[in-house]
Amino acid sequence: MQAKLNRREFATLMGASALACGCAGVAGCAPRDMASTQGEAATEAADATPSEFKHQTCPRNCHDTCSLISEVRDGRIVSITGDPDNPITAGAPCVKMNHYINWVNSPDRILYPMKRTGAKGEGKFEQISWDEAYATIAEKINEAIATYGPQAILPHSYSGNLGFVNNYTAPHRFFYRLGASKLARDICSSAGAAAIPYTYGTDLGIDPENYANTSLYVSWGINEAATNVHAVKFIKQMKENGGKLIVVNPVMTPLTHFADLYVRPKPGTDAALALAVANILIEEGLYDADYVEQYTVGFDELKAKAAEFPASRAAKICEVPEEDIVELAHLYGNEHTSSVIRMGYGMQRNTNGGSMIRAISLLPALMGMVGKDNHSGYVYMNAGYWAADLGGNDGSALDDGTARTISINQLGLALTGQLEGTDTLPITVLIAFNSNPVAVSSNTELIREGLMRDDLFTVVADIFPTDTVDYADIVLPAATFFEYEDLNQDYLGWYLRYNEPAVEPAGEAKSNIDMINGLAKACGLEDAMFNDTAADVIKSLIGAGEGCYEGITYDRLKNEHWIKIKAGVPFGDKQFPTPSGKIEFYSEALAEAGLHPVADYVPTAESKEGSDELFRKYPLTLLTPSTKNLLNSQMHGVPHIADLIGEGVVFINSADASARSIADGDEVTLNNDRGVITLIARVSDDCTAPGVVKASKNLWPKLSADGRNVNALSSDVLSDLGNNSTYHTNLVEIAKA
Ligand SMILES: Nc1nc2c(c(=O)[nH]1)N[C@H]1C(S)=C(S)[C@@H](COP(=O)(O)OP(=O)(O)OC[C@H]3O[C@@H](n4cnc5c(=O)[nH]c(N)nc54)[C@H](O)[C@@H]3O)O[C@H]1N2
Ligand SMILES: Nc1nc2c(c(=O)[nH]1)N[C@H]1C(S)=C(S)[C@@H](COP(=O)(O)OP(=O)(O)OC[C@H]3O[C@@H](n4cnc5c(=O)[nH]c(N)nc54)[C@H](O)[C@@H]3O)O[C@H]1N2
Ligand code: SF4
Ligand SMILES: [Mo]
């Protein structure tokens, strides 16, 4: 008997068969993967066993936040595809998550709690019960509190999943309740997130579904084809509708192939470029004077500052032809009908990252694009639309303000007692979940050193045996989002999306909320909040459905799976919650934060201009952006994806390669004062200009020949605004191995 399918589910089944066929050609597919669960055998079985269809939301730290449908038979997921009805997902996940079935059904998942049997870092464990795991952790927590107080405990989490329940709220309650040290989670986008409100008061970007209607899209420091694949169709529609595309990026991204203009600045110099564009717009009277008069303050100061950056000067700083700057300004300035500047996160991971985003953010205001209509303005993160009551649900009300805060970007310094206060009050218990610091964080050699400490007790909850898991004293098996309930919200699109469990957790795995509730009880905490289920938290989060959540209820989310929020035209009322109530070209608050009140170009700390001494030792800037094949460190543990990635590579310009007698395919070392790694050289004049090299972020170190990835080289210095990571402020030297 076949279950009755609705339109959406029928399309799913069709999509799933296509996926199964597609996989047949992938090397290494057969023995350990969907062949056993999907494909011909499964199709035959379909006659006997009815399928159920369950609706998930991809909770990865990804702009797209895809709506997924999984087909379940006999308690096992047999296929996964994208929801065809959701306008962003449009029926398909991405290249990496086409392998979700091999991830959720992987034989390599951690299935039960374990304790360490080998040396730290060795990854040798034996199975224990949940009771033993909880009792051991509770004992260590009590010991730490008795010796040093609760601040000896540090939670470590970031974005393994971005569920409201299992990431943003429930797990944190336990740590606030204990009074543990707090983690400042500023690894990703906080420099830009701090910069934008100085200009606009908050961050409200346009709906990506409206990109198609704009006349000009500027892709500034973002690689949509890898990091936001579901937006590429909207950008292409814009081109088909006669719109123009500009790409500004030191790395040639796939979008440059259909761009009208590609500008390739030297990394870290974008503030000079933006100020030069502002200068041309002002000098040539291309800006919107009425809008500037009505809705902004500080135009005269902007005019004066921009005048310091004539195109000829900016061309030298940015190492681009002067004509490119003029053309950029003319294309942007002459596009009076509509335009959008999309600012990426990659570029703000620099010591001057906040300055760059601040300078670029001034341009849409100069052209009168902000609040004009639903397809003009700027896009950074859309965080201003988040209406969920996180604060009430994450336990932060229990924070009495006495616990210290440790930057996620300085974990190595904190664990080795080099961060202020950590020598006398050390961290002795580290509890990591939703994070893989040994792969993703800065300066990982120092993190490894810290994790080797005998007096440090480390707990890691993960789905897969990552490099961080290898350092754990106790490993906890984490469930996947196919196995728990949650709620997600896009940080680009305008949706609230429900995630229903499809199957029971594999082995003895638990969701983060269940894990933390259990641990709290083992520690003797009897607060009612530790009895909350995911449904309790979701209902509390959406509350009465107010603001942009109007009309949204738990029952509607369960039935409809995803619902568009009501956000209207961003800044359509021209109300800007800045101190002056207007868009601020000049910001007193920015000056108080230590930056120029308008904007300025400040060289990065690791560049010729920033440190000539360092530059003479390490003359190449290493950029480490995303790869299309991984989502941060996730999926590298799936063999098909590991095959796709192969050996780690570094792209190097032919001028730099020949100066070092490096040929394409050579094994090379990259080094600086923080570490040394080995990669394979790819000699390419397309990828980067001389002086700049590129390697992908967040590969699993243990899958590299030398057990290291690019973060053995990255710096733990913080950015100018928002205390962000500075992965791209990273000088190295390269030599033939
Ligand atoms: N060099 C360099 N490094 C970078 C960057 C860069 O640009 N350059 N970018 C940085 C950025 S932007 C980010 S956001 C960070 C990302 O850093 P992370 O958020 O740490 O990255 P992920 O690999 O997505 O997730 C970490 C782990 O969470 C686990 N996980 C997934 N779901 C669950 C769950 O439900 N429960 C539990 N317990 N675990 C789960 C995954 O298996 C994975 O091992 O990396 C940063 N690292
Ligand atoms: N496939 C895939 N998708 C992802 C991720 C992933 O790991 N893989 N990570 C997710 C996460 S956590 C995040 S935060 C987002 C990030 O999304 P993006 O912002 O697209 O992130 P990145 O790839 O880090 O960097 C984007 C671009 O910044 C450019 N860049 C670096 N320095 C400069 C500079 O000084 N100036 C300019 N103009 N450009 C510069 C890089 O060349 C790169 O193309 O993507 C998410 N999506
Ligand atoms: S990683 Fe991003 S693009 Fe891929 S399925 Fe998840 S949300 Fe969609
Ligand atoms: Mo990120």
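For the structure itself, look to the data block above.
Residues numbered from 1 in each chain as written. Chains lettered and ligands numbered in written order. Predicted model: local features only at pLDDT ≥ 70, side-chain atom pairs only at ≥ 80, totals over all residues. Heavy atoms only, no water.

### Observations concerning the environment of Ala-311
Tracing the sequence through the fold places Ala-311 in helix 12 (residues 311-318). A relative accessible area of 10% means that Ala-311 is categorised as buried. In this structure the C-alpha to C-alpha distance between Ala-311 and Pro-465, which are 154 residues apart in sequence, comes to 51 Å. Contact partners of Ala-311, with chain neighbours within four places excluded, come to Ile-280, Glu-322, Ile-325 and Val-326. (Helix = DSSP H or I, 4+ residues; strand = E, 2+ residues; numbered from the N terminus. Buried < 20%, exposed > 50% of the residue type's maximum accessible area, 1.4 Å probe, protein only. Contact = heavy atoms within 4.5 Å.)

### Section: the sheet that holds strand 6 (residues 153-156)
The six strands are arranged 5-4-17-16-15-6 in an open sheet whose pairing can be described as mixed. Of all strands in the sheet, those with a lone pairing partner are strand 5 (125-127) and strand 6, marking the two edges. If you compare each strand with its neighbour and ignore which way they point, the axes differ by 20° on average. Relative to strand 17 (residues 474-477), strand 16 (residues 457-462) runs parallel, the two sharing four bridges. Across the sheet, Val-460 pairs through a bridge with Val-475, a residue of strand 17. This element, helix 4 (residues 130-148), spans strand 4 (114-116), strand 6, strand 15 (429-433), strand 16 and strand 17 of the sheet and lies at about 130° to strand 17. (Pairing = 2+ DSSP bridges. Axes fitted to C-alpha atoms, helices over the stretch in contact; angles between N-to-C directions.)

### A word on the site of ligand 3
If you check the shell around ligand 3, you find Cys-58, Cys-62, Asp-64, Thr-65, Cys-66, Pro-93, Cys-94, Lys-96, Met-97, Val-229 and His-230 and nothing else. Counting atoms within 2 Å of the grid points, the majority share of ligand 3 lands in the largest cavity. Looking at side-chain class alone, the shell around ligand 3 contains seven nonpolar, two polar and two charged residues. (Near = heavy atom within 4 Å. 1 Å grid on protein atoms, 1.4 Å probe; cavity = no way out; pocket = protein on both sides within 12 Å on 5 of 7 lines; lining within 4 Å. Sits in = over half its atoms within 2 Å of the grid points. Nonpolar A, V, L, I, M, F, W, Y, C, P; charged D, E, K, R; others polar.)

### So, the environment of Val-429
Looking at where Val-429 falls in the secondary structure, it is placed in strand 15. The exposure class of Val-429 is buried, given its relative accessible area of 2%. When the C-alpha positions of Val-429 and Ile-406 are compared, they lie 14 Å apart, and in sequence the two are 23 residues distant. If we ignore the near neighbours within four places in the chain, the residues touching Val-429 are Lys-140, Ile-141, Ala-144, Ala-152, Ile-153, Leu-154, Leu-456 and Phe-457.

### Regarding the site of ligand 2
Around ligand 2, 34 residues are found, and the nearest of them are Asn-249, Gly-268, Asp-270, Tyr-345 and Leu-630. At 2.8 Å from an oxygen atom of ligand 2 is found a side-chain nitrogen or oxygen belonging to Thr-227. Within the contact set of ligand 2, a nitrogen atom lies 3.4 Å away from a side-chain nitrogen or oxygen of Lys-697. The residue makeup of the shell around ligand 2, split by class, is 14 nonpolar, 15 polar and five charged. (Polar contact = N/O pair within 3.5 Å; in protein donor to acceptor, adjacent residues only side chain to side chain.)

### What to know about the sheet that holds strand 13 (residues 377-379)
The five strands lie next to each other as 10-9-8-12-13, forming an open sheet whose pairing is parallel. Edge strands, defined here as strands with exactly one partner in the open sheet, are strand 10 (261-263) and strand 13. Between one strand and the next, the sheet's axes are offset by a mean angle of 15°, whatever the strand orientation. Summarising the sheet, strand 8 (residues 216-220) and strand 12 (residues 340-343) pair through four bridges and their orientation is parallel. Opposite Val-218, over in strand 12, you have Ile-341 as the bridge partner. Sitting on the sheet, helix 8 (residues 229-240) touches strand 8, strand 9 (244-248) and strand 12, and the angle it makes with strand 9 is about 130°. Its contacts with the sheet place helix 14 (residues 353-366) against strand 8, strand 12 and strand 13, and it is angled at close to 165° to strand 12.

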